[in-house]
Amino acid sequence: MCFKHDRAVGPLIEFFPRYCIMPAQIISGSETAKAIREEIAAEVARLKTAHGLVPGLVTILVGEDPASQSYVAAKNKTAHALGIHSEQVTLPAATSEAELLGIVADYNRNPAIHGILVQLPLPRHIDEAKVLFAIDPDKDVDGFHPVNVGKMMLGERCFLPCTPHGILELLQRSGTETSGAEVVVVGRSNIVGKPIANLMLQKRAGGNATVTICHTRTRDMAFHTRRADILIVAAGVAKMIKGDQIKEGAVIIDVGVNRIGQTESGKALLAGDVDFDSVVGKAGAITPVPGGVGPMTITMLMKNTLQAAKQAAGIE
Ligand SMILES: Nc1nc2c(c(=O)[nH]1)N[C@@H](CN(C=O)c1ccc(C(=O)N[C@@H](CCC(=O)O)C(=O)O)cc1)CN2
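How each quantity is defined
- Residues numbered from 1 in each chain as written.
- Predicted model: local features only at pLDDT ≥ 70, side-chain atom pairs only at ≥ 80, totals over all residues.
- Heavy atoms only, no water.
- Domains from an automatic or database assignment.
- Contact = heavy atoms within 4.5 Å.
- Buried area = accessible area lost by both parts, 1.4 Å probe.
- Salt bridge = Lys/Arg side-chain N within 4 Å of Asp/Glu carboxyl O.
- Polar contact = N/O pair within 3.5 Å; in protein donor to acceptor, adjacent residues only side chain to side chain.
- Nonpolar A, V, L, I, M, F, W, Y, C, P; charged D, E, K, R; others polar.
- Near = heavy atom within 4 Å.
- Areas by Shrake-Rupley, 256 points an atom, 1.4 Å probe, with all protein chains shown as cover.
- Helix = DSSP H or I, 4+ residues; strand = E, 2+ residues; numbered from the N terminus.

Undergrad: Whenever I open this one, the domain arrangement of the protein chain confuses me. Can you help?
TA: The extent of an interface is frequently quoted as the accessible surface area lost upon association of the parts. With domains assigned, the protein chain is organised as domain 1 (52–144) and domain 2 (161–295). On a C-alpha basis, the centres of domain 1 and domain 2 stand 27 Å from each other. Across the boundary between the two partners, domain 1 contributes 8 residues, which contact 5 residues of domain 2. Carbon and sulfur atoms supply 61% of the area that domain 1 and domain 2 bury against each other, a total of about 430 Å² over both sides. Together, Tyr-71, Asp-142 and Phe-144 form the three largest contributors to the area buried by domain 1 at its contact with domain 2, with a combined 59%. The interface formed by domain 1 and domain 2 includes 0 salt bridges. For the pair domain 1 and domain 2, the number of links is 0 residue pairs in polar contact (both at pLDDT 80 or more). Per-class residue counts for the side of domain 1 that touches domain 2 are 5 nonpolar, 2 polar and 1 charged.

Structure, rendered in structure tokens:
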């Protein structure tokens, strides 16, 4: 016997026999993001009244990738809704590396802009590292500059990359105990896999866990994923983790946003890196896609922009 992952059935659970499959708790990124955004909006309003300070963000988009266009639009819309000044620079795909570096240099000098975000991926002819390294580390609200990456590794105060930062918040606010837990990260990207593994390891960042990182060359992936109390999947492969690859009661953080088709109304049909339907009856808790980690990424960008503005103004 089984039933849907509908929280409305919660009160009925005690009447079900023990062999019933309990659905996982849904860790809602949309709800958590909403709560954090309210906190940010309140602080932005306070800064304006008390200090005449308005945090400023610039988003730079090169090319016409539809997903990137929608993420950048969402970033600007969210900034606006929270009272953060935002500017969008949209450049053709043929923009040269030198032109882009020139624009970054201009914003490095612009006192009204506290945060600079260059949307990734960049067209192939542009050296991504060169552009990210050109951003002033004090305005690097993506947390991708080596100064911030190094500080993060050392547990120093810095801008944390937005997706891993969002995952930390989701774990903390959902009451997930990470200290001493077996955490398995699937994926080793610079944006998610490497930083979240590092943060989960660190005592200071709140992780304090035992961490394993799996990747495309890992020989027996399921051997590792089945040991995880907390499984974080950022592999970019739709539905790759199935129910038989996880431990009963594990907390599953699904970072994947894969476009697997279209709905009847023409909207993109999304799937995570985790096969939600086969996992939800076995996991203790899970983030959905959409509505899980994604909304947290944009929210933590706003939090970093607020932090950048306060640091620039010398406000604690
Ligand atoms: N400069 C950066 N580039 C990229 C980053 C980043 O953090 N900085 N991360 C990703 C893309 N990304 C933000 O830019 C991002 C991805 C997904 C979402 C999101 O809200 N997803 C929704 C679904 C939205 C949809 O319909 O596609 C969800 O999961 O609910 C936000 C931001 C790569 N590039």
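Next comes the rest of the write-up.
Undergrad: Honestly, the site of the ligand in this entry has me stumped. Any pointers?
TA: Lys-75, Val-118, Asp-142, Arg-259 and Gly-291 are the nearest of the 17 residues found near the ligand. Between Gly-291 and the ligand, the recorded distance is 2.6 Å, taken from a backbone N or O atom to an oxygen atom. In isolation the ligand exposes 680 Å². Once the protein is present, 81% of that is buried. Listed by contribution, the elements that provide at least two residues to the shell around the ligand are α2 (66–82), β4 (115–118) and α10 (293–313). Of the residues forming the shell around the ligand, the biggest block, 4 residues, is contributed by α10. Its residues placed into classes, the shell around the ligand shows 10 nonpolar, 4 polar and 3 charged. The two domains that each donate at least three residues to the shell around the ligand are domain 1 (52–144) and domain 2 (161–295).

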